[in-house]
Structures are given as C-alpha cells and as structure tokens.
Amino acid sequence: EGLENLPPKDETVLVCANHMSWFDVPVLHGFLGGRLLWSFAKAELVKVPVLGTYMHSAQHILISRASRKSQLESLKSAIKTLGLNRDVFIFPEGTRSLDGKL
C-alpha cells in the first residue's frame, strides 16, 4: 500500500521514515521495489566490521551527531547525492523511536 505514490524509478526521491527497529533498512529497501538508496547514517557505524567498510565504499552519507559542522557537511553531501539522481533516505529523528511517534 502506498507504492502508487512513488514517482517512477527514473525520478529521484528523498525518503523520510520513522526508525523503529534494526529491520527498518532491509524492509525499506524491499518495500521500495529495487531502488538503490543512499542513506544518512550515524558515523559510529563505520566502526562496525563489514558494515562500516560497505557504508564507506558505497558512499553513504555519514553524520556525526556531536558536531554541528559535520551535520551541515552531511546535509550538503545529501544535496549533492540527490543532484546526481541518487535516491536518499533518512530517519529524521536520528535514532529509533521507542513509542513509534516522531
């Protein structure tokens, strides 16, 4: 339900979703029907073996929640990514929601 609201795959999208569990990312990828997504992710994830290497090499947008300058640079990176006709997704609340509300 809701896929009819997505533009065609040749149009760029910015997806904002509520982050509720570790399953959100694979479910989101599956739901969006094969769109290749670049994600905003906390910079600490690059320390996770395999995942960090993947995120860095795939040029996902990393954000340091402790640095305002990094946050601004991450936003600029997202704008650049969208300008390259790449779809971007973000969990705007920046962490998982315990009660399901933004």
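Higher on the page you've got the structure.
Below: a short report on this structure.

**A look at the nonpolar core**
In this structure, Val13, Val15, Ala17, Leu28, Leu32, Leu37, Phe89 and Phe91 together form the largest nonpolar core, which totals 8 residues. Excluding anything up to four places from it in sequence, leucine 28 contacts Val15, Leu37 and Phe89. If you look at the next biggest cluster of nonpolar residues, it comprises 6 residues, including Trp38, Ile61, Ile63 and Ala78.

**A closer look at unusual backbone geometry**
In most cases, non-glycine residues show a negative phi, while peptide bonds are predominantly trans. Notably, valine 50 is not glycine yet its phi reads approximately 70°, a positive angle. Mapped onto the secondary structure, valine 50 falls in the loop between strand S2 (37-42) and helix H2 (51-57). The backbone of asparagine 85 sits at a positive phi, close to 60°, despite the residue not being glycine. Considering the arrangement of structural elements, one finds asparagine 85 in the loop between helix H3 (68-83) and strand S4 (87-90). On the basis of relative accessibility, which here comes to 61%, the residue asparagine 85 falls in the exposed class.

**A word on the environment of tyrosine 54**
With respect to the element layout, tyrosine 54 can be found in helix H2. Taking relative accessible area as the criterion, tyrosine 54 reaches 46% and is therefore assigned partly exposed.

**Details of the pairing of S2**
The element S2 is extensively covered by neighbouring structure, given that 5 of its 6 residues are classed as buried. Pairing geometry for S2 and S4, over 3 bridges, is parallel. What sits directly across from leucine 37, in S4, is aspartate 87. Where S2 meets strand S3 (residues 61-63), 3 bridges bridge the pair, whose relative direction is parallel. The residue of S3 that forms the bridge with alanine 41 is leucine 62. As a crossover connection, the stretch from S2 through H2 into S3 is right-handed.

Thresholds, definitions, all that
Residues numbered from 1 in each chain as written. Predicted model: local features only at pLDDT ≥ 70, side-chain atom pairs only at ≥ 80, totals over all residues. Heavy atoms only, no water. Core = buried A, V, L, I, M, F, W, Y, C linked by side-chain atoms within 4.5 Å. Buried < 20%, exposed > 50% of the residue type's maximum accessible area, 1.4 Å probe, protein only. Contact = heavy atoms within 4.5 Å. Helix = DSSP H or I, 4+ residues; strand = E, 2+ residues; numbered from the N terminus. Pairing = 2+ DSSP bridges. Right-handed = clockwise from strand over helix to strand, strands pointing away.

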